[in-house]
Each structure stands twice: as C-alpha cells, then as structure tokens.
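Listed below, chain by chain, are the residues.
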Amino acid sequence: MKSIKTKYSPIAVMVLRLLVGVVFLFSGFSKAIDTWGFVFKIEDYLTVLSLSYPHTLILIGAIAVSSYEFILGLFLLTGCYKRTTPWFLLASMVVMLPLTLWTWIANPVADCGCFGDAIKLSNAATFWKNVVLTIAISYLCAYNRRYDHSLYRPAIQWMGSIAAFFYIISIALYGYNIQPMIDFCPYPAGTNLAALLG
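None of these values were measured; they are calculated from a predicted model.

Novice: How would you sum up the overall build of the protein chain? Please name residues and give values.
Specialist: For the protein chain, the count of helices and strands is seven helices and zero strands. Ordering the α and β elements of the protein chain from the N terminus gives α-α-α-α-α-α-α. Along the three orthogonal principal directions, the C-alpha set of the protein chain runs to about 60 × 45 × 30 Å. Residues counted as buried form 39% of the 198 residues belonging to the protein chain. Long-range pairs, those at least 24 residues apart, make up 79% of the contacts in the protein chain between residues at least 6 apart in sequence.

Rendered as structure tokens:
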C-alpha cells in the first residue's frame, strides 16, 4: 500500500495562507472587539467543567487568546516568520481540535464562541471547520517556508509584530473598559429590550 505524499505547490501555499490567515485574523479580531463576550464564553466552559478562576486571570487569558489568533493570522497573510507561524497555529489546533470534538459530542455549550458574536456556528460545524484548518496548516508547516513572498523583509518583521500587538491589545482594552468599537451583539447599546420582550 503506497503512502500518500503531498507535493509543493506555490499556488496551494498562497491560497492556504490567505484562507487560514483570514480565518485566524477574523477569529482573533471578533473576540478582541468584544472582550466581555469572550470572557463570558470562557466562564461558560469553566462552569461546565466545575472550575473557577479569578476574573482577572480569565480576562488575561481572553486577551491573550484573541491576540494570539489575530497576530498569527496576520503573520500568515503577510508572510512573516514563515517557518514558525504555521507551527504555532498547529499547536493551537492540537488544543482546539479535541476541545471542539468534545463540545460536539457532549454539547455543553450552544456555541463554541470561535468568532465571538459575529458568526454563530453549530458545534458540529466548528469541529469540521477545525479539521479542515488542521489539514491546511499541516500542509503549510511543510511548505510555507518555500514560498518566498512576503510584505516585509525579515529584518523589519519585528516592527509589524509590535504594531499588531499594540493594535489588538488596544482594541481589546477599549472594548473591555469602554465599549466595543463594533457591536456584533443582537442587542446593541440603545436597544429597547422591554419593547422586544413585550
């Protein structure tokens, strides 16, 4: 029985960089823009698991996860850190793939919160989305470094990294302390809830 071997294709790498990068960029952005919503989602998971952590720790975790996804998605799109970026993304999928399989089977929460309130996915759709992402990222782990196209030279990649970090942290803290810059909630500020319920 012959093993299946993949071949390097510059077009495949370019397309996968675009698709996977956009998914992670948007996933991180939609969580960061509504930090409170993501904090509540994490608390939902912790409640199901009968775990309890200080609010500050949950907040730090929420901002860290959203920043991680946003920055790595941006790196993939721009071609920064071509060797390491896919491996960091694959590491996140090692955690998320079993987690989303569990949420599909056990159904502890109605929505995984992958894209905050911007896009709602069923637990089954979330799991299969992660299967596809894992396959795509695995291909990029093998071949991304060979595709020699990026927006930044290696010598100045650190500048983009710092700018992306401060950008997403600023959005997350603004949304947490003041209000989200974009409100994906079905009941944005100013909605008359009494009229909707009555």
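Novice: I'd like a description of the packing of helix H4 (residues 85–106) against helix H5 (residues 123–143), backed by residues and values.
Specialist: H5 packs onto H4 with a crossing angle of 155 degrees between their chain directions and a minimal axis gap of 9 Å. Our classification of the angle between H4 and H5 gives roughly antiparallel. Here the hand of the crossing between H4 and H5 comes out left-handed. Taken together, the residues of the contact of H4 with H5 sort by class into 17 nonpolar, seven polar and no charged.

Novice: Can you lay out the packing of aromatic side chains for me, pointing to particular residues and giving the numbers?
Specialist: In total, this model carries eleven aromatic pairs according to the counting rule given. Ring geometry for tyrosine 8 versus tyrosine 143: centroids 5.8 Å apart, planes at 45 degrees, classification tilted. Of this pair, tyrosine 8 sits in the segment before helix H1 (10–33) while tyrosine 143 sits in helix H5, placing them 135 residues apart in sequence. Residue tyrosine 143 is classed as buried on the basis of its relative accessible area of 12%. Every member of this aromatic cluster is reached through a ring pair, and the members are Tyr8, Tyr139 and Tyr143. Between lysine 31 and the ring centre of phenylalanine 38, over which it is positioned, the NZ or CZ distance is 5.5 Å.

Novice: Report on the layout of surface pockets, specifying residues and quantitative values.
Specialist: In this structure, the largest pocket encloses a volume near 650 Å³. Along its surface, the largest pocket is lined by 31 residues, and Lys31, Phe38, Val65, Met96 and Leu99 are the ones closest to its centre. Of all the secondary structure elements, the ones that give two or more residues to the lining of the largest pocket are H1, helix H2 (35–48), helix H3 (55–78), H4 and H5. Grouping the constituent residues of the lining of the largest pocket by class yields 22 nonpolar, five polar and four charged.

Novice: Lay out H2 with the relevant residues and their values.
Specialist: In an α-helix there are 3.6 residues to a turn, and that puts residues three or four apart on one side. Taking 1.5 Å per residue as the helical rise, H2 with its 14 residues ought to reach 20 Å, and the 20 Å between its terminal C-alpha atoms agrees with that figure. For H2, the set of buried residues is Thr35, Phe38, Val39, Lys41, Tyr45 and Leu46. Take H2 and look down its axis: the buried residues cluster within an arc of 160 degrees, on one side only. Taken together, the buried residues of H2 touch H1, H3, H4 and helix H6 (157–177). Just past H2, the residue serine 50 takes up positive phi, approximately 60 degrees.

Novice: Before we move on, can you summarise the side chain of serine 67 with the specific residues and values?
Specialist: Within the secondary structure, serine 67 sits in helix H3. Assessed through its relative accessible area of 6%, serine 67 is described here as buried. The residues touching serine 67, leaving out its near neighbours within four places in the chain, are Ile168 and Ile169.

Novice: Help me get a handle on the packing of H3 against H6, residues and values and all.
Specialist: Between H3 and H6, whose axes approach to 10 Å, the crossing angle comes to 140 degrees. As far as their axial angle goes, H6 and H3 are oblique. For the element pair H3 and H6, the recorded crossing hand is right-handed. Touching His55, Leu59, Ile63, Ser67, Phe70, Ile71, Leu74 and Phe75 of H3 are Ser161, Ala164, Phe165, Tyr167, Ile168, Ile169, Ala172, Leu173 and Tyr176, all from H6.

Each value, and the rule that gives it
- Along every chain, residues carry numbers that run from 1 in the direction the sequence is written.
- In view of the model being predicted, local features appear only for residues whose pLDDT reaches at least 70, and side-chain atom pairs are presented and counted only at 80 or more, with totals across whole chains, interfaces and linings using the full set of residues.
- Water and hydrogen atoms play no part in the side-chain values, which are based on all heavy atoms of the structure.
- Secondary structure elements follow DSSP: runs of H or I of four or more residues count as helices, runs of E of two or more count as strands, with numbering from the N terminus.
- Only protein chains enter the accessibility calculation, which uses a 1.4 Å probe. A residue is then buried if its area is under 20% of the maximum for its type, exposed if over 50%, and partly exposed in between.
- The contact rule is simple, with two residues in contact once any of their heavy atoms fall within 4.5 Å.
- A fitted line through C-alpha atoms serves as each axis, taken over the contacting stretch for helices, and the angle formed by two N-to-C directions is quoted from 0 to 180°.
- Oblique is the label for any angle not covered by the other classes, which are roughly parallel (under 35 degrees), roughly antiparallel (over 145) and roughly perpendicular (65 to 115).
- Should the near helix be turned anticlockwise from the far one by less than a right angle, the crossing is left-handed, and should it be turned clockwise, the crossing is right-handed.
- Only Asp, Glu, Lys and Arg are considered charged, only Ala, Val, Leu, Ile, Met, Phe, Trp, Tyr, Cys and Pro nonpolar, and every remaining residue, Gly among them, polar.
- Stacked, tilted and edge-to-face pairs are distinguished by plane angle, under 30 degrees for stacked and over 60 for edge-to-face with tilted covering the rest, among Phe, Tyr and Trp rings (Trp via its six-membered ring) whose centres lie within 6.5 Å.
- Throughout this description, the term charge over a ring refers to an Arg CZ or Lys NZ atom that lies within 6 Å of the ring centre and within 35 degrees of the ring normal.
- Grid points spaced at 1 Å and placed over the protein atoms alone form the basis of the search, with a cavity being a set where a 1.4 Å probe fits but cannot get out and a pocket an open set showing protein on both sides within 12 Å along at least five of seven lines. Lining residues have an atom within 4 Å of a point.
- Grid points are joined across faces, edges and corners, and a volume is the space filled by probe spheres set on the points.
- Multiplying 1.5 Å by the helix residue count minus one yields the expected span of that helix.
- Summarising the geometry, the arc corresponds to the directions from the helix axis toward the C-beta atoms.

Function-wise, these values are silent; they only describe arrangement.
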